[in-house]
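Spelled out, the chains give:
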Amino acid sequence: MMFSEKDKLLLLQVARESIHQKVNNNAQYTPLNTLDYPPLNKKSGAFVSVYHKTKLRGCLGRFQSEKPLYLLISGLAASAATADLRFSPILKEELDGVAVEISVLSPLKQIFHQNEIIIGKHGIYMKHGSKRGTLLPQVAIKQNWNALQFLEFCAKNKVGIGKNEWMNSELFVYEALVFHNRIK
């Protein structure tokens, strides 16, 4: 996953404009064609996290998409800011304090043991029957977790199963290229 600084800035701009259009006009932003920037046209998974100042206010993503990355980011940003049911929607008066974090994802790779998880490099995706949950790679670093703590938290708080039930779940890892325009 190679992105120039210009590519990253363009994706952040798409995300911010999408949020502004959704919050101000309840409209979907349609970014201009990005044919001059091939990485933005790739089809890959991504997550968009939206913060008001330093407080998380939404985080949504997809592991795969048939849309080009820039269109996926546009839709995810608007939805994360206004439709993540775990958080209150961003309001017009909060737009100046909005920051965006984009995580562009590698494909999922199945693993069979917790020792295959590299903290700081891997995010985890867990399937237990019809239940699913994920944690981005940066979460373990922010929380100072080891692989076991990472798995237990995902099982209990994201998948909704017992913290040790990760041992009876399908496990996958992925990498993320993370960039943001955080407000301090």
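The coordinates are above.
Residues numbered from 1 in each chain as written. Predicted model: local features only at pLDDT ≥ 70, side-chain atom pairs only at ≥ 80, totals over all residues. Heavy atoms only, no water.

If you check helix α2 (residues 69–82), its first and last C-alpha atoms are 20 Å apart, about what 14 residues at 1.5 Å a residue would give, namely 20 Å. With 10 of its 14 residues buried, α2 lies for the most part within the structure. Within α2, burial applies to Leu69, Tyr70, Leu72, Ile73, Ser74, Leu76, Ala77, Ala78, Ala80 and Ala81. Contacts made by the buried residues of α2 are with α1 (5–25), β1 (45–52), β2 (55–62) and β3 (98–105). (Helix = DSSP H or I, 4+ residues; strand = E, 2+ residues; numbered from the N terminus. Expected span 1.5 Å × (residues − 1). Buried < 20%, exposed > 50% of the residue type's maximum accessible area, 1.4 Å probe, protein only. Contact = heavy atoms within 4.5 Å.)

Take the side chain of Ser106 next. Inspection of the secondary structure assignment puts Ser106 in the loop between β3 and β4 (109–111). Judged by relative accessible area, Ser106 falls into the buried class, the value being 17%. Polar contacts involving the side chain of Ser106 include one to the main-chain amide nitrogen of Glu175, which spans 2.8 Å. (Polar contact = N/O pair within 3.5 Å; in protein donor to acceptor, adjacent residues only side chain to side chain.)

On to the packing of α1 against α2. Remark: α1 packs on α2, axes separated minimally by 8 Å, with the N-to-C direction vectors making an angle of 45°. Between α1 and α2, the crossing angle belongs to the class labelled oblique. In this structure, α1 meets α2 at a crossing whose hand is right-handed. Here Leu11, Val14, Ala15, Ser18, Ile19, Lys22 and Val23 of α1 lie close against α2, whose contacting residues are Leu69, Tyr70, Ile73, Ser74, Ala77, Ala78, Ala81 and Thr82. (Axes fitted to C-alpha atoms, helices over the stretch in contact; angles between N-to-C directions. Parallel < 35°, antiparallel > 145°, perpendicular 65-115°, else oblique. Left-handed = near helix turned anticlockwise from the far one by under 90°.)

Counting 26 residues, the largest nonpolar core has Leu11, Ile19 and Ile102 as its most contacted members. Elements represented by at least two residues in this core include exactly α1, β1, α2, β3 and β8 (176–180). Leu135, Trp145, Leu151 and Val173 belong to the second-largest nonpolar core, a separate cluster that totals 17 residues. (Core = buried A, V, L, I, M, F, W, Y, C linked by side-chain atoms within 4.5 Å.)

Here we come to α1. In this model, α1 (21 residues) spans 30 Å end to end at C-alpha, consistent with the 30 Å of a helix rising 1.5 Å per residue. For α1, every residue scored as buried is listed here: Asp7, Lys8, Leu11, Leu12, Val14, Ala15, Ser18, Ile19 and Val23. For α1, the angular spread of the buried residues around the axis is 150°, confining them to a single face. The exposed set on the far side of α1, more than 90 degrees from its buried face, consists of Glu5, Lys6, Leu9 and Gln13. Those residues of α1 hidden inside the fold are in contact with β1, α2, β3 and β8. Just past α1, the residue Asn26 takes up positive phi, approximately 50°. (Arc of directions from axis to C-beta.)

Spatially, the 4 strands line up as an open sheet ordered β4-β7-β5-β6, and their pairing is antiparallel. If you trace the sheet from one side to the other, it starts and ends with β4 and β6 (131–135), each paired once. Averaged over all pairs of adjacent strands, the angle between their axes in this sheet comes to 25°, without regard to strand direction. Summarising the sheet, β4 and strand β7 (residues 170–174) pair through 3 bridges and their orientation is antiparallel. Looking at β7, one finds that Gln110 is bridged to Phe172. Packing of helix α4 (residues 147–159) onto the sheet brings it into contact with β5 (123–128), β6 and β7, and relative to β6 it is tilted by some 130°. (Pairing = 2+ DSSP bridges.)

The geometry of an aromatic ring pair is captured by the separation of the ring centres together with the interplanar angle, meaning the angle of the planes. Summed over the entire model, instances satisfying the criterion amount to 7 aromatic pairs. Ring centres of Phe47 and Phe63 lie 5.8 Å apart, and the angle between their planes is 70°; this geometry places the pair in the edge-to-face category. Of the two residues, Phe47 is situated in strand β1 and Phe63 in the loop between β2 and α2; the sequence distance between them amounts to 16 residues. When the ring of Trp145 is compared with that of Phe150, the centres are 6.2 Å apart and the planes differ by 45°; the resulting orientation is tilted. For the residue pair Trp145 and Phe150, the accessibility class agrees, reading buried in each case. Feature note: the residues Phe47, Phe63, Tyr125, Phe172 and Tyr174 constitute an aromatic cluster, connected by ring pairs. (Phe/Tyr/Trp six-rings, centres within 6.5 Å; stacked < 30°, edge-to-face > 60°.)

These results come straight from atomic positions and should not be treated as a statement about function.
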